[in-house]
Amino acid sequence: MSSSTAPSASSAPGAALAPPPGFVAASYREHERFLWALSYRLTGSAADADDIVQETFVRALERPPARTDEPVRPWLARVALNLGRDALRRRRRRAYDGPWLPSPIEAEPEPPSFEIPGQDGTEGRYDLLESASFAFLIALEALTPQQRAVLLLRDVFDYSVQETADALGLSEASVKTTHHRARRALEPYERERCRPSPELVERSGAALMRFLQALSTQDVPAIEALLSEGVRVVNDANGEYRAARRIVVGPNRVARLFVGLLRHEGGAELRYDIRLINGLPALVLERGAGADRLAPRYVLRCDVDARGRITEIHVVLASRKLTAVRPLTP
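Every value quoted in this text rests on a predicted model; they were computed, and no experiment measured them.

Draft legend 1. Main features of the overall build of the protein. Helix and strand counts for the protein come out as 11 helices and six strands. Counting over 330 residues, the protein shows a buried share of 49%. Put simply, 70% of the contacts in the protein that link residues at least 6 apart link residues at least 24 apart. Put simply, the protein shows about 16000 Å² of open surface, and 52% of that area lies on carbon and sulfur atoms.

Draft legend 2. View of unusual backbone geometry. At Gln218, a residue that is not glycine, the phi angle is positive and equals roughly 55°. Tracing the chain through its elements places Gln218 in the loop between helix 9 (198-216) and helix 10 (220-224). The backbone of Asn238 shows a phi angle near 50°, a positive value even though the residue is not glycine. Structurally, Asn238 can be placed in the loop between strand 1 (227-236) and strand 2 (248-249).

Draft legend 3. Representation of empty space enclosed by the protein in the model. Scanning all chains against the criterion turns up one cavity of 30 Å³ or more. Its volume calculated, the largest cavity comes out at about 50 Å³. What lines the largest cavity is Asp97, Gly98, Pro99, Asn235, Ala237, Asn238, Gly239, Tyr241, Ala243, Ala244 and Arg245. Of the residues in the lining of the largest cavity, the class split is five nonpolar, four polar and two charged.

Draft legend 4. Spatial organisation of the packing of helix 2 (residues 46-62) against helix 3 (residues 73-93). Here helix 2 crosses helix 3 at 130°, and the two axes come no closer than 9 Å. In terms of orientation, helix 2 lies oblique with respect to helix 3. Here helix 2 and helix 3 pass one another in a crossing that is right-handed. In contact with Ile52, Glu55, Thr56, Phe57, Arg59 and Ala60 of helix 2, helix 3 contributes Trp75, Leu76, Val79, Ala80, Leu83, Gly84 and Ala87.

Draft legend 5. Layout of the nonpolar core. If you look at the biggest cluster of nonpolar residues, it comprises 49 residues, and the most contacted ones within it are Tyr40, Leu81, Phe136, Leu140, Leu151, Phe157 and Leu186. Contributions of two or more residues to this core are made by helix 1 (23-43), helix 2, helix 3, helix 4 (134-140), helix 5 (145-155), helix 6 (161-168) and helix 7 (172-185). At nine residues, helix 1 tops the list of elements feeding residues into this core. For Leu140, the contacting residues outside a window of four places in its chain are Arg41, Arg92, Arg148, Leu151, Leu152 and Leu186. Grouped together as the second largest cluster of nonpolar side chains are 32 residues, Ala207, Phe211, Val220 and Ile223 included.

Draft legend 6. Region of the structure containing the packing of aromatic side chains. Using the criterion set out here, one finds seven aromatic pairs in the structure. Judged by centre distance (5.3 Å) and plane angle (90°), the ring pair of Phe211 and Phe258 falls under edge-to-face. Here Phe211 is found in helix 9, whereas its partner Phe258 is found in helix 11 (residues 251-264), with 47 residues between them in sequence. Residue classification places Phe258 among the buried positions, given a relative accessible area of 8%. Three or more aromatic residues joined by ring pairs form one cluster here, namely Tyr126, Phe136 and Tyr189. The ring of Phe34 has Arg73 lying over it, and the distance from NZ or CZ to the ring centre is 4.4 Å. In this arrangement the basic side chain of Arg91 is found over the ring face of Trp100, its NZ or CZ atom lying 4.0 Å from the centre.

Draft legend 7. Here's a closer look at helix 7. Between the first and last C-alpha of helix 7 there are 20 Å, a value that for 14 residues agrees with the 20 Å anticipated at 1.5 Å per step. Turning to helix 7, its buried residues are Val175, Thr178, His179 and Ala182. Around the axis of helix 7, the buried residues are gathered within 105° of arc, so they sit on the same side. Summarising the geometry of helix 7, the exposed residues directed more than 90 degrees from the buried face are Ala173, Lys176 and His180. Tucked inside the fold, the buried residues of helix 7 contact helix 5 and helix 6.

Draft legend 8. Seen up close, a nonpolar patch on the surface. Together, Met209, Tyr272 and Ile274 make up an exposed nonpolar region whose accessible area comes to about 250 Å². On the basis of relative accessibility, which here comes to 45%, the residue Tyr272 falls in the partly exposed class.

Draft legend 9. Structural view of the confidence of the model for the protein. Across the protein, the average pLDDT comes to 87, with 87% of residues at 70 or higher. Across residues 1-18, where pLDDT falls below 50, the model places 32 contacts with residues more than four positions away in sequence or in other chains. Predicted confidence for residues 109-122 stays below pLDDT 50, and this span has 35 contacts to residues more than four positions away or in other chains.

About the thresholds
Note on numbering: residues in each chain are counted from 1, in written sequence order. Reporting of local features is limited, given that this is a predicted model, to residues whose pLDDT is at least 70; pairs of side-chain atoms are given and counted only at 80 or more, and all residues count toward the totals for whole chains, interfaces and linings. Excluded from the side-chain calculations are hydrogens and water; all other atoms, namely the structure's heavy atoms, are used. Starting at the N terminus, helices and strands are each numbered in turn, a helix being any DSSP run of H or I of at least four residues and a strand any DSSP run of E of at least two. Whether a residue is buried, partly exposed or exposed follows from its accessible area with a 1.4 Å probe, protein chains only, as a fraction of its type maximum: under 20%, in between, or over 50%, in that order. Any pair of residues with heavy atoms lying within 4.5 Å of one another is described as a contacting pair. With residues, only the protein chains shown are counted as cover, and all accessible areas are computed by Shrake-Rupley using a 1.4 Å probe. Both site types are read off a 1 Å grid over the protein atoms alone. A 1.4 Å probe that fits but cannot get out defines a cavity, while an open set with protein on both sides within 12 Å along at least five of seven lines defines a pocket; lining residues have an atom within 4 Å of a point. Grid points are joined across faces, edges and corners, and a volume is the space filled by probe spheres set on the points. Classes in brief: Ala, Val, Leu, Ile, Met, Phe, Trp, Tyr, Cys and Pro nonpolar; Asp, Glu, Lys and Arg charged; the others, Gly included, polar. Inter-axis angles, ranging from 0 to 180 degrees, are taken between N-to-C directions of lines fitted to C-alpha atoms, where helices are fitted over the stretch in contact. Throughout, the term roughly parallel applies to angles under 35 degrees, roughly antiparallel to angles over 145, roughly perpendicular to angles from 65 to 115, and oblique to all others. Put simply, a crossing is left-handed when the front helix is turned counterclockwise from the back one by less than a right angle, and right-handed when it is turned clockwise. Here the nonpolar core consists of buried residues drawn from Ala, Val, Leu, Ile, Met, Phe, Trp, Tyr and Cys, with membership extended through side-chain atoms lying within 4.5 Å. When two rings of Phe, Tyr or Trp (its six-membered ring) have centres within 6.5 Å they constitute a pair, described as stacked for plane angles under 30 degrees, edge-to-face for angles over 60, and tilted for the intermediate range. Charge over a ring is defined by NZ of Lys or CZ of Arg lying within 6 Å of the ring centre and within 35 degrees of the ring normal. One less than the residue count of a helix, multiplied by 1.5 Å, gives the span that helix is expected to have. Of all possible arcs, the one meant is that of the directions from the helix axis to the C-beta atoms. Think of a patch as exposed residues, more than 30% relative accessible area, with no salt bridge, where like charges cluster within 9 Å and nonpolar side chains (Val, Leu, Ile, Met, Phe, Trp, Tyr) cluster within 5 Å. By salt bridge we mean one thing: a side-chain nitrogen of Lys or Arg within 4 Å of a carboxyl oxygen of Asp or Glu. For every residue, the predictor assigns a confidence score, pLDDT, that lies between 0 and 100.

This is the structure we're talking about:
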């Protein structure tokens, strides 16, 4: 992932060099976006990605790499990957109250630049947009932290086998085996794979608007007509707010759930905005003063099939999951 930089003539090969003034600040400006993109995909959490990037540069300040005359991105990536895998393991060890969903994020900045692609060319099996989609991040939950890191480096960030081995402290043989197992675990995602595209954005946005219109009339049959037979609703509140702790399945149950929630609002003001969230249209909603333990803001998004019917609805309510979503303007 890096182009080589020759050491200065005055330094002996292998000698440690003190960081020049502004080294960490310059590294932050150049590599922060890349590290955040990697950490978010590794953990599925915007808040964790923020913490990982911050801690990576704290370590660069306290214990900088031995050679600052060489490209620093590989060193930063190794630190971030170690922190990210640790964060993922901690999250999976903790009990989670109800279903887990990724953190919604609004459009990322321009994709980070890369110094050179991997030497043996994976050709980006998953591009940056698809790899930040809800469908992909949820599919990654089937992988171990090691498998997840290997797959991201190889198939999203175009690392070669050798670069991946160096970044994760593995042998090249282990990288190949782990990568094979990770791809095999993602076969269900591959069968249903639906890459983000302008056409999918339009189809998803239209389905979301039809759902809103039918919901505003509280017409259960009209809502059911917009849903697929196996439609599911997944809420992620992590016990912080009132929400269904189990996945709700089926058109009638889903329609009645949302009509019941609307009636439960009790006339509280509900404002919303439609934004691109993880590459597809979604609702960002905020409510006025209401009943106790109702989330003051949340994100609602949906997946649709080829006919434009809604197959899955995700509602993210947990406040720590919403750190990368801007509040509505008054």
